[in-house]
Amino acid sequence: MFTDLEILGISPPGFPRASLAAAAHRAGIHGGVSLEHADSAIAGRVHEELAASGVPFTVFVPRLTSDIENLLKKAVGRGLTRVVLGEPDAAGLRREIAFLRDLSVSVFVQAIC
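Report on the accompanying structure. Treat the numbers as computed from the prediction; the structure is a model and nothing was measured.

## Digging into helix α3 (residues 66–75)
For an α-helix the count is 3.6 residues per turn, leaving residues at separations of three or four pointing the same way.
Link 1 in the chain: For α3, the full list of buried residues reads Ile 68, Glu 69, Leu 71, Leu 72 and Ala 75. With its buried residues spanning 165° around the axis, α3 presents them on a single face. Exposed residues on α3 whose side chains face more than 90 degrees from its buried face are Ser 66 and Lys 74.
Link 2 in the chain: The inward-facing, buried residues of α3 abut α2 (40–53), β3 (57–61), β4 (80–85) and α4 (93–102).
Link 3 in the chain: Positioned one or two residues after α3, Gly 77 has a phi angle of 85°, which is positive.

## Section: the pattern of salt bridges
Link 1 in the chain: Within this structure, the stated rule accounts for five salt bridges.
Link 2 in the chain: Two residues, Arg 78 and Glu 48, come together in a salt bridge whose shortest N-O distance is 3.2 Å. Of this pair, Arg 78 sits in the loop between α3 and β4 while Glu 48 sits in helix α2, and the two are 30 residues apart along the sequence.
Link 3 in the chain: Residue Glu 48 is classed as partly exposed on the basis of its relative accessible area of 41%.
Link 4 in the chain: The residue Arg 63 makes a salt bridge to Glu 87 at a minimum N-O spacing of 3.4 Å. Separated by 24 residues along the polypeptide, Arg 63 in the loop between β3 and α3 and Glu 87 in the loop between β4 and α4 bring together distant segments of the chain.
Link 5 in the chain: Overall, Arg 63 belongs to the partly exposed group, its relative accessible area being 37%.

Criteria and cut-off values
Residues numbered from 1 in each chain as written. Predicted model: local features only at pLDDT ≥ 70, side-chain atom pairs only at ≥ 80, totals over all residues. Heavy atoms only, no water. Buried < 20%, exposed > 50% of the residue type's maximum accessible area, 1.4 Å probe, protein only. Helix = DSSP H or I, 4+ residues; strand = E, 2+ residues; numbered from the N terminus. Arc of directions from axis to C-beta. Contact = heavy atoms within 4.5 Å. Salt bridge = Lys/Arg side-chain N within 4 Å of Asp/Glu carboxyl O.

Taken by themselves, the reported measurements are silent on function.
Quick look at the structure:
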């Protein structure tokens, strides 16, 4: 039996919606947004909407870039609880995990075989 099963309700790639993350949270699951295919302006807007919603949230990113790192730094203390790395670069994975741990957020790495 899965006693530690966590369900994440994350918006589809290309359609980050803070309202979906908030609704998932109200439904009792971890809500989040996928920032895959989102430029920095859209990611910033979604972050502000999430922070204003007052709910804890997850962010899915393919990998960390300097823009995403700056956004995540701003999100700490404003609801960000976890980050899912969807397409991590093997060479930089240790650095990315260390960066996220330094922010005190949970880190999930998506592995597809």
